[in-house]
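# Tertiary structure, described
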Amino acid sequence: MDNEGCSGKHTLKKESWRTVFALAYQSLGVVYGDLSTSPLYVYKSTFAEDIQHSETNEEIFGVLSFAFWTLTLVPLVKYVFIVLRADDNGEGGTFALYSLLCRHARVSTLPNGQLADEDLYEYRKENNESCNSGVGLKLRSALEKHRVLQMILLTLALLGACMVIGDGVLTPAISVFSAVSGLELLVSKHHHQYIEVPVVCMILVFLFSLQHFGTHRIGFLFGPVVITWLLCISSIGIYNIFHWNPHVYQALSPYYMYKFLKKTRGQGWMSLGGILLCITGSEAMYADLGHFSQLSIKMAFSFVVYPSLVLAYMGQAAYLSMHHIIENDYPIGFYVSVPEKLRWPVLAIAILAAVVGSQGMITGTFSIIKQCSAFGCFPRVKIIHTSSKICGRIYIPEINWTLMLLCLAVTIGFRNTKHISNASGLAVITVMLVTTCLMSLVIIICWNRSALLAIAFMLFFGSIEALYFSAALIKFLEGAWVPVALSFVFLIVMSVWHYGTRKKYEFDVQNKVSLNWLLRAGPELGVVRVRGIGLIHTELVSGIPAILSHFVANLPAFHQVLVFLCIKYVPVPHVRPEERFLVGRVGPREYRVYRCIARYGYHDALLDEAAFEEDLVCTIAYFIRSQWSHHNKHSEDGFESNEKMTVVGRPSSFSVWDDSEDAEVPMKRVRFVEPEIDKRGEAEVEELMEAREAGMAFILGHCHVKAKAGSGLMKRIGIDVGYDFLRRNSREPTYMKSFPCASTLEVGMIYHV
């Protein structure tokens with residue numbers, strides 16, 4: 001039902017080396033642009049005001065030592081060797097960690113979860129025997145038992161998601177601004193102050209206008225730019241090292257960090273907010289994991305990006321160690337270390353690289369919004385899948401243009417890199433802290449590792465990030481308030497939407513119609529049954545939705561075949577086509593009432609109308625045949641009236657699940673090949689096909705959610721104002737657009753929650 005579907009798996013179990021190298025090449029343009037352009041502004045931001053470059057070189061060597069070890073410990077050790085292993089079936093990001101925890105500890109906020117969901121392939125291929133003893137078991141039990149802990153975990157994940165969105169606003173601004181700042185060395189100050197901001201704004205508009213082409217095309221377009229940029233900075237770095245100070249490698253010793261802090265003290269600690277920017281973009285490695293593969297991202301960083309960045313920082317330090325008085329009153333920065341004859345070409349490459357540098361966080365923002373929406377934590381938006389092969393590659397128009405407007409506002413508002421770098425630093429380090437916290441839980445609960453290992457991970461990386469976080473937070477009034485403000489707004493939006501959605505589902509559960517009402521109505525449901533299939537959309541996975549009784553009470557006729565359709569997301573990235581549908585019968589067989597649950601992962605593309613309708617009818621027909629075959633082999637009695645859901649797919653097997661409220665254990669898996677059924681079964685299948693030929697009508701609920709009488713002030717504001725505003729201004733569900741307008745009927749209902 002999206003513009004493009006996805007076929008096949010998003011990753012391959014056995015990737016050819018050709019595929020790995022191709023993905024590594026593309027990842028340079030999409031994932032590593034931001035991290036690769038960090039040499040443009042790290043030294044400039046660090047020496048902006050807190051510390052000064054002196055004749056002893058202790059400051060410049062200390063900054064180099066900090067940059068080297070931070071780059072080594074965080075992106076290389078933490079992300080490449082540890083965090084990237086915690087992928088959610090090939091997907092990454094803050095919500096991938098949250099999804100892993102939801103499955104292993106059963107703390108999902110999705111209200112319509114079922115036991116049958118745990119039999120999905122991407123559930124079962126995890127090591128679900130984790131946490132059967134010790135601290136892990138106690139921690140998992142505490143999370144499952146206490147609702148407060150579940151909400152804290154969700155809030156932590158949402159905070160990380162909000163900061164990723166904030167970083168998606170700030171990264172393009174600081175990358176492009178830093179690249180364009182090189183004009184200050186090449187044109188007069190009089191002209192520079194008038195052209196810098198307009199040039200930055202034009203480049204940003206161009207960047208966001210490219211997004212609808214998708215990461216596949218952008219990756220091949222931007223890859224050569226980043227490769228050229230990395231070759232450029234590493235070559236200049238090598239030249240500066242051998243030409244100015246071949247002994248600069250000695251500054252890589254951690255001893256120079258100690259000397260730096262000993263000399264600069266408080267001012268040195270405050271300047272760490274600038275050094276922090278050397279790892280900005282590291283989170284994109286994990287957030288964009290679904291666009292590429294784990295091996296390709298690791299290879300690109302370890303063998304190309306990391307060595308180039310180290311050489312670039314060493315080269316700048318080597319040049320500055322021999323130049324203590326910078327001419328033209330230009331502050332310490334990247335361009336002063338570039339040979340004068342190369343500055344114009346390097347400036348052109350830097351501007352192109354800065355455009356690329358923003359791509360990783362923009363695509364990461366799209367991914368995190370998609371995941372939040374699938375978990376019921378973000379209003380519905382239009383999601384376009386830009387690749388027919390890799391489902392993780394998406395484009396969200398509303399988010400793209402919102403990011404552009406916010407980015408332009410930040411650029412025009414601050415007009416310099418100093419305040420933008422302070423803001424970007426706080427956003428970057430907050431996301432990393434959230435990842436560290438969630439990763440510690442994954443180590444215990446999902447990987448079944450020792451609690452000591454998780455604590456060591458938390459203390460080691462958490463202490464590094466806490467040091468940088470404190471340095472970034474001290475600049476709150478100097479620009480760092482921007483990501484806090486943005487995150488606060490997005491967190492309020494996510495919380496209100498999640499609260500309203502959950503209350504709406506609880507109202508559906510409390511007001512669902514009992515099966516006795518259906519049985520009392522009889523096979524005709526008390527109305528005239530006309531030819532055709534009536535497809536009633538509902539969020540419920542069991543029971544009869546109130547919309548049916550509301551419809552029957554106001555109209556004198558209904559269709560001969562009735563299907564309760566629930567389209568829901570499950571906490572896995574992808575659901576196999578053969579596991580897509582759960583089908584069951586509601587009431588006795590002569591009622592011709594079925595329930596069909598279509599399950600999708602948070603990175604799946606919904607089927608288009610024709611494919612979905614075909615799959616739905618064929619699935620129900622297959623279910624009827626399988627039930628009659630099973631019935632003939634075991635008994636001649638009528639079917640039980642309680643709901644038993646069957647996983648129906650293309651393979652010659654199906655699973656039966658008892659989804660009644662007191663059922664806990666699934667029935668055994670049954671295998672069959674083209675089941676033989678008697679005339680009654682054939683008649684039921686034939687009736688289904690005749691009903692399909694007569695036409696299919698889609699009955700949708702058009703609800704208005706209101707706070708019930710006696711609700712508190714905060715609840716009335718949240719539901720009547722906040723949720724109502726978001727619901728009216730969000731997109732309707734994607735699948736609704738594919739239903740023909742002439743065959744769609746909306747039934748209005750008021751929900752008092």
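Residues numbered from 1 in each chain as written. Predicted model: local features only at pLDDT ≥ 70, side-chain atom pairs only at ≥ 80, totals over all residues. Heavy atoms only, no water.

The number of helices and strands found in the protein chain is 25 helices and eleven strands. Considering only residue pairs separated by 6 or more positions, the protein chain has 84% of its internal contacts joining residues 24 or more positions apart. Accessible surface for the protein chain amounts to roughly 30000 Å². Of this, 61% is attributable to carbon and sulfur atoms. (Helix = DSSP H or I, 4+ residues; strand = E, 2+ residues; numbered from the N terminus. Contact = heavy atoms within 4.5 Å. Areas by Shrake-Rupley, 256 points an atom, 1.4 Å probe, with all protein chains shown as cover.)

Looking at the element boundaries, Phe-213 is found in the loop between helix H10 (189–209) and helix H11 (215–244). As a C-alpha pair, Phe-213 and Ile-394 span 181 residues in sequence and 9.8 Å in three-dimensional space.

What follows concerns the packing of aromatic side chains. What characterises a pair of aromatic rings is the spacing of the ring centres plus the angle enclosed by the ring planes. For the structure on display, the rule yields 21 aromatic pairs. Residues Phe-366 and Tyr-395 carry aromatic rings whose centres are separated by 5.8 Å and whose planes lie at 85° to one another, so their mutual orientation is edge-to-face. Linking Phe-366 in helix H16 (residues 359–374) with Tyr-395 in strand E2 (residues 394–395), this pair joins segments that are 29 residues apart in sequence. Neither residue differs from the other here; Phe-366 and Tyr-395 are each classed as buried. In textbook terms, an aromatic cluster arises when at least three aromatic residues are bridged by ring pairs, as seen for Phe-61, Tyr-255, Tyr-256 and Tyr-258. Here the basic side chain of Arg-85 rests over the ring of Trp-447, its NZ or CZ set 5.0 Å away from the ring centre. (Phe/Tyr/Trp six-rings, centres within 6.5 Å; stacked < 30°, edge-to-face > 60°. Buried < 20%, exposed > 50% of the residue type's maximum accessible area, 1.4 Å probe, protein only. Lys NZ or Arg CZ within 6 Å of the ring centre and 35° of its normal.)

This part covers the pattern of salt bridges. With the rule as written, the count across this model stands at 14 salt bridges. Glu-684 is the partner of Arg-585 in a salt bridge, and the nearest nitrogen-oxygen pair spans 2.7 Å. Of the two residues, Arg-585 is situated in strand E5 (residues 581–585) and Glu-684 in helix H24 (residues 679–694); the sequence distance between them amounts to 99 residues. There is no split in this pair, since Arg-585 and Glu-684 are both buried. A salt bridge links Arg-592 to Glu-687, with the nearest nitrogen and oxygen atoms 2.9 Å apart. Taken as a pair, Arg-592 in the loop between E5 and strand E6 (593–601) and Glu-687 in helix H24 lie far apart in primary sequence, 95 residues in all. Several salt bridges share partner residues, and in doing so they unite Glu-58, Glu-59, Lys-259 and Lys-263 into one network. (Salt bridge = Lys/Arg side-chain N within 4 Å of Asp/Glu carboxyl O.)

Over its twelve residues, helix H5 (residues 94–105) extends 17 Å from the first C-alpha to the last, a length consistent with the 16 Å expected when each residue adds 1.5 Å. Counting buried residues along H5, twelve of its twelve residues qualify, which places the element largely inside the surrounding structure. Those residues of H5 not exposed but buried are Thr-94, Phe-95, Ala-96, Leu-97, Tyr-98, Ser-99, Leu-100, Leu-101, Cys-102, Arg-103, His-104 and Ala-105. Once H5 finishes, Arg-106 follows within two positions and takes phi at roughly 55°, a positive value. (Expected span 1.5 Å × (residues − 1).)

A few words on the pairing of E5. Among the five residues that make up E5, five are buried, leaving the element largely enclosed by the rest of the structure. Residues of E5 alternate between two faces, with Phe-581, Val-583 and Arg-585 on one and Leu-582 and Gly-584 on the opposite face, all of them buried. As judged from the three bridges shared by E5 and strand E7 (residues 644–648), these two strands associate in the antiparallel manner. Within E7, the residue paired with Leu-582 across the bridge is Val-647. (Pairing = 2+ DSSP bridges.)

This part is about the environment of Val-431. Among the structural elements, Val-431 can be located in helix H18 (residues 417–445). Separated by 337 residues in the primary sequence, Val-431 and Thr-94 place their C-alpha atoms 8.2 Å from one another.

Attention now moves to a nonpolar patch on the surface. Together, Leu-473, Phe-476, Leu-477, Trp-481 and Val-484 make up an exposed nonpolar region whose accessible area comes to about 480 Å². Here Trp-481 lies in helix H20 (residues 481–510). Classification of Trp-481 by relative accessible area gives partly exposed; the value is 40%. (Patch = residues over 30% accessible without salt bridge, like charges linked within 9 Å, V, L, I, M, F, W, Y side chains within 5 Å.)

Turning our eyes to something else, we now look at unusual backbone geometry. Positioned with a positive phi, Asn-57 is a non-glycine residue whose angle comes to about 65°. Mapped onto the elements, Asn-57 comes out in the loop between helix H3 (42–46) and helix H4 (58–81).

Per-residue confidence for the protein chain averages 81 on the pLDDT scale, and 83% of its residues sit at or above 70. In the model of the protein chain, strand E9 (residues 669–671) stands out as the element of lowest mean pLDDT, 40, in contrast to H4, which has the highest, 94. Throughout residues 634–641 the model reports pLDDT below 50, and contacts reaching past four residues in sequence, or to other chains, amount to ten contacts. With pLDDT under 50 throughout, residues 650–673 is counted as low confidence; its partners more than four residues away or in other chains account for 58 contacts. (pLDDT = per-residue confidence, 0-100.)

A word on the nonpolar core. Tyr-32, Tyr-43, Leu-64, Phe-95, Tyr-286 and Phe-301 are the most contacted members of the largest nonpolar core, which totals 171 residues. Of the residues forming this core, the biggest block, 17 residues, is contributed by helix H8 (residues 147–180). Membership of the second largest hydrophobic core comes to 29 residues, among which are Trp-497, Val-513, Val-586 and Val-747. (Core = buried A, V, L, I, M, F, W, Y, C linked by side-chain atoms within 4.5 Å.)

A few words on the state of the cysteines. In this structure the tally under the stated criterion is zero disulfides. You can see Cys-596 has no disulfide; the closest cysteine sulfur is in Cys-566, sitting 9.4 Å from it. (Disulfide = S-S within 2.5 Å.)

With that settled, the discussion passes to H16. The end-to-end C-alpha distance of H16, which contains 16 residues, comes to 23 Å, matching closely the 22 Å that a straight helix rising 1.5 Å per residue would cover. When you tally the buried positions in H16, you get 16 out of 16 residues, the bulk of the element. Two residues or fewer after H16 comes Gly-376, characterised by a positive phi angle close to 75°.

Another point: the packing of H18 against H20. Put simply, H18 and H20 touch, their axes get as near as 7 Å, and they point 55° apart. With respect to H20, the element H18 is oriented oblique. Across the interface between the two elements, Ala-423, Leu-426 and Ala-427 of H18 pack against Val-482, Pro-483 and Val-484 of H20. (Axes fitted to C-alpha atoms, helices over the stretch in contact; angles between N-to-C directions. Parallel < 35°, antiparallel > 145°, perpendicular 65-115°, else oblique.)

As for its position among the elements, Thr-411 is in helix H17 (residues 397–414). A polar atom in the side chain of Thr-411 sits 2.9 Å from the backbone oxygen of Cys-407. In this structure, Thr-411 is in contact with Ala-173, Phe-177, Val-200, Cys-201 and Leu-204, ignoring residues within four places of it in sequence. (Polar contact = N/O pair within 3.5 Å; in protein donor to acceptor, adjacent residues only side chain to side chain.)

Right, let's talk about the environment of Thr-155 for a bit. Inspection of the secondary structure assignment puts Thr-155 in helix H8. On the accessibility criterion, Thr-155 (39% relative accessible area) is partly exposed. Separated by 339 residues in sequence, Thr-155 and Met-494 have C-alpha atoms that sit 9.7 Å apart.

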